[in-house]
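In case you want the letters, here they are:
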Amino acid sequence: MRPAELPPCDLVMKGGVTSGIVYPGAVAELAKRYRFANLGGTSAGAVAAAVAAACEYARQGGESIELKGILDVAQDARRPGFFLDLFQPTPSAQPLLSLVYALAGARGSHRRQVIALARAAVRRRPVQAIGTLAAAAVLLALGALAVSRLPIGLALVLAVVAALVVALLTAGAVLGPLVAIVRGAWRSLPGAGFGVCSGLASPGAPDALTDWLHASVQRCAGLPPGQPLTFAMLQARGIALRMVATDLGLARPVTMPFAEEQYLFSPAELSALFPAPVVDHVLAVAGVGPQDRHSTRTWFLPGAQLPVVIGVRLSASVPVLLSSLRLYTADADADGPIESYMTDGGLTSNFPIHFFDDWLPSHPTFGLDLVGVPAVGEEPVFMPAGDEVGHRLAPRPVTGLGGFVGRVQDAARSWRDEAQAELPGYRDRVCQIRMGPGEGGFHLDANPDQVGVLMDRGREAGREILRSFDWERHRVTRYLTLMALLRENFGLLAERLSGAPPPVAPDPDAGAWAAAVDAAVAELARHAGPPAAGQPGGVPPAGRAAMSIGPRL
């Protein structure tokens, strides 16, 4: 069997920083039965989708049906310190990142987190902390001397005042360095794309995130570093790759690859965030001459010819941790291009399960959903069967202010994706990979054993999909849901048009087209209405879908 003769499937993966290490194992298992026609994801899910697409690109260009390279990339994460090396801060941002690492590493109570934050702040600015403590010690000594020579009443008042001042100075020994670090970051971050890490390695350091991404994608695709894999190259071999980023200028999610002439870029800003071969390709496609390599002028960013690594890096631009690329949109009503900072797609669509969907699919689209669990003991991998409800986990309790803020964030960014994944015809193709306390997420200090556990869990998720998914049942569910919605909506249409003529087409040339459409709609509406009792066509149990007009992002 040739690779192109394998049955197709699609795969969509959720964002989750280091949790994404589960994906290569799942991809490897699914690749034993399917070829990947469409791949998509957000943030860490976009990273996995790009690497899987590169491996599929190489497979479709050869004779072997084995998907090579995907597990080799995952093995990189077993190297001690791998995740920490990916995020190398700029010199001015190093103090702030040390605070972030201290918080991420302080697992447990809020008290431990506060202590870890205080220690990190003092270590970054020890002179300031020691100076403040020395002032407190001097004041304490002077106060003691003064108290010994004063009347008892006045001495008590002075002792209370001195104790308060000493307490404030002692607190200042911690708060002073902390405030100084935050103030410094506040001033420096806007000039660095609002991120502490550019994604490129410092001289002599191991590969940082973007360097590693470029090298991994090229290696998996079997391409030299100087020939970046593009979305168009994938499409030429029957592979579609999509990922989500968030456009802060327009306050909405955007899907990559971009449309042609959708955004403009500055060569100088692009060069600050991407390896030279990637920048060279973009400049060549955009028609930028060598003399303008470091120009701050703008050119249109390629669409299909965009290197895959750029799409991945934009989708994975975790706010503050990674610098955002500033792009521009042209507006005829504005004096010049409008700034559009591209940041993490997880802010607006962390699990784009709607990717590659249509009314009646011709092949399965699987989803890998990362789910946090409050305690051990839950099934590490879960995939519902038939009409079984997907999210069988009990709702997580809100504990403390931090838990409340976290749940607010989760609800704001994920409610639409999660509700979509619960619908009939969606939930039976989504496999949950569950993360316990201390697993995945921002735990950048994961050791090789922890990484190995997550990789094995990903393999089990792939096997569970192959065991549990029933394509024929899925098609029936999608068909019944679609028919019920069509019948319901054409019934509403018939009600709206009853006794009233259809709207008149504003363009006279469209009259014949409008008349033909009106006749077709009238015929469809004639058959609309609620299904008869006992007939198939009703909405399947345990969920209800809706049909509406929405933006295509």
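Note: the structure precedes this text.
None of these values were measured; they are calculated from a predicted model.

Describing empty space enclosed by the protein
- Within the structure shown, the criterion is met by three cavities of 30 Å³ or more.
- Taken together, 24 residues line the largest cavity, and the ones lying closest to its centre are Val17, Ala44, Val47, Phe83 and Trp212.
- Residue assignment for the lining of the largest cavity shows that the elements contributing at least two residues are helix H2 (44-60), helix H3 (70-75), helix H4 (82-86) and helix H9 (209-221).
- For the lining of the largest cavity, the element with the highest residue contribution is H2, accounting for four residues.
- In terms of residue class, the lining of the largest cavity is made up of 20 nonpolar, three polar and one charged.

Details of the state of the cysteines
- Scanning the model with the defined rule gives zero disulfides in all.
- With no disulfide of its own, Cys55 lies closest to Cys220 among cysteine sulfurs, the gap being 3.6 Å.
- Take Cys55: its relative accessible area is 1%, and that puts it in the buried class.

So, the side chain of Arg429
- Positionally, Arg429 belongs in the loop between helix H14 (400-421) and strand S13 (430-435).
- With relative accessibility at 1%, the residue Arg429 sits in the buried group.
- At 3.1 Å, the side chain of Arg429 forms a polar contact with the backbone oxygen of Gly425.
- Apart from residues lying up to four places away in sequence, Arg429 is in contact with Ile353, Asp357, Thr365, Phe366, Gly367, Met383, Phe469, His474 and Arg478.

Regarding the environment of Gly45
- By the element assignment, Gly45 lies in helix H2.
- Taking the C-alpha atoms as reference points, Gly45 and Asp369, separated by 324 residues in sequence, lie 9.6 Å from one another.

Let's talk about the packing of aromatic side chains
- All chains considered together, the criterion is met by eight aromatic pairs.
- Between Phe194 and Tyr341 the ring centres are 5.2 Å apart and the planes differ by 85°, which places this aromatic pair in the edge-to-face class. With Phe194 in the loop between helix H8 (152-188) and strand S3 (195-197) and Tyr341 in strand S10 (residues 338-344), the pair connects residues that are 147 residues apart, well separated along the chain.
- According to the relative accessible area criterion, Phe194 is partly exposed, its value standing at 39%.
- Note on Phe366 and Phe469: the rings are 5.0 Å apart at their centroids and 85° apart in plane angle, and the pair reads as edge-to-face. Residue Phe366 is located in strand S11 (residues 365-372), and its partner Phe469 is located in the loop between helix H15 (448-468) and helix H16 (471-497); the two are separated by 103 residues in the primary sequence. The same class applies to Phe366 and to Phe469, which are both buried.
- One aromatic cluster in this structure is built from Tyr34, Phe366, Phe469 and Trp471.

Some details on the pairing of strand S1 (residues 8-13)
- With five of six residues buried, S1 is to be regarded as a mostly interior element.
- Pairing of S1 with S11 involves four bridges; the strand directions are parallel. The partner of Met13 across the bridge, within S11, is Leu368.

Some thoughts on unusual backbone geometry
- The step from Met256 to Pro257 runs through a cis peptide bond, and the omega angle for that step is 10°.
- When you line up the elements, Pro257 lands in the loop between strand S5 (252-256) and strand S6 (264-265).
- Unusually for a residue other than glycine, Ser43 sits at a positive phi of about 55°.
- Non-glycine residue Val320 carries a positive phi angle of around 75°.
- Along the polypeptide, Val320 turns up in strand S8 (residues 320-322).
- Residue classification places Val320 among the partly exposed positions, given a relative accessible area of 42%.

Conventions we followed
Residues numbered from 1 in each chain as written. Predicted model: local features only at pLDDT ≥ 70, side-chain atom pairs only at ≥ 80, totals over all residues. Heavy atoms only, no water. 1 Å grid on protein atoms, 1.4 Å probe; cavity = no way out; pocket = protein on both sides within 12 Å on 5 of 7 lines; lining within 4 Å. Points joined across faces, edges and corners; volume = space filled by probe spheres on them. Helix = DSSP H or I, 4+ residues; strand = E, 2+ residues; numbered from the N terminus. Nonpolar A, V, L, I, M, F, W, Y, C, P; charged D, E, K, R; others polar. Disulfide = S-S within 2.5 Å. Buried < 20%, exposed > 50% of the residue type's maximum accessible area, 1.4 Å probe, protein only. Polar contact = N/O pair within 3.5 Å; in protein donor to acceptor, adjacent residues only side chain to side chain. Contact = heavy atoms within 4.5 Å. Phe/Tyr/Trp six-rings, centres within 6.5 Å; stacked < 30°, edge-to-face > 60°. Pairing = 2+ DSSP bridges.

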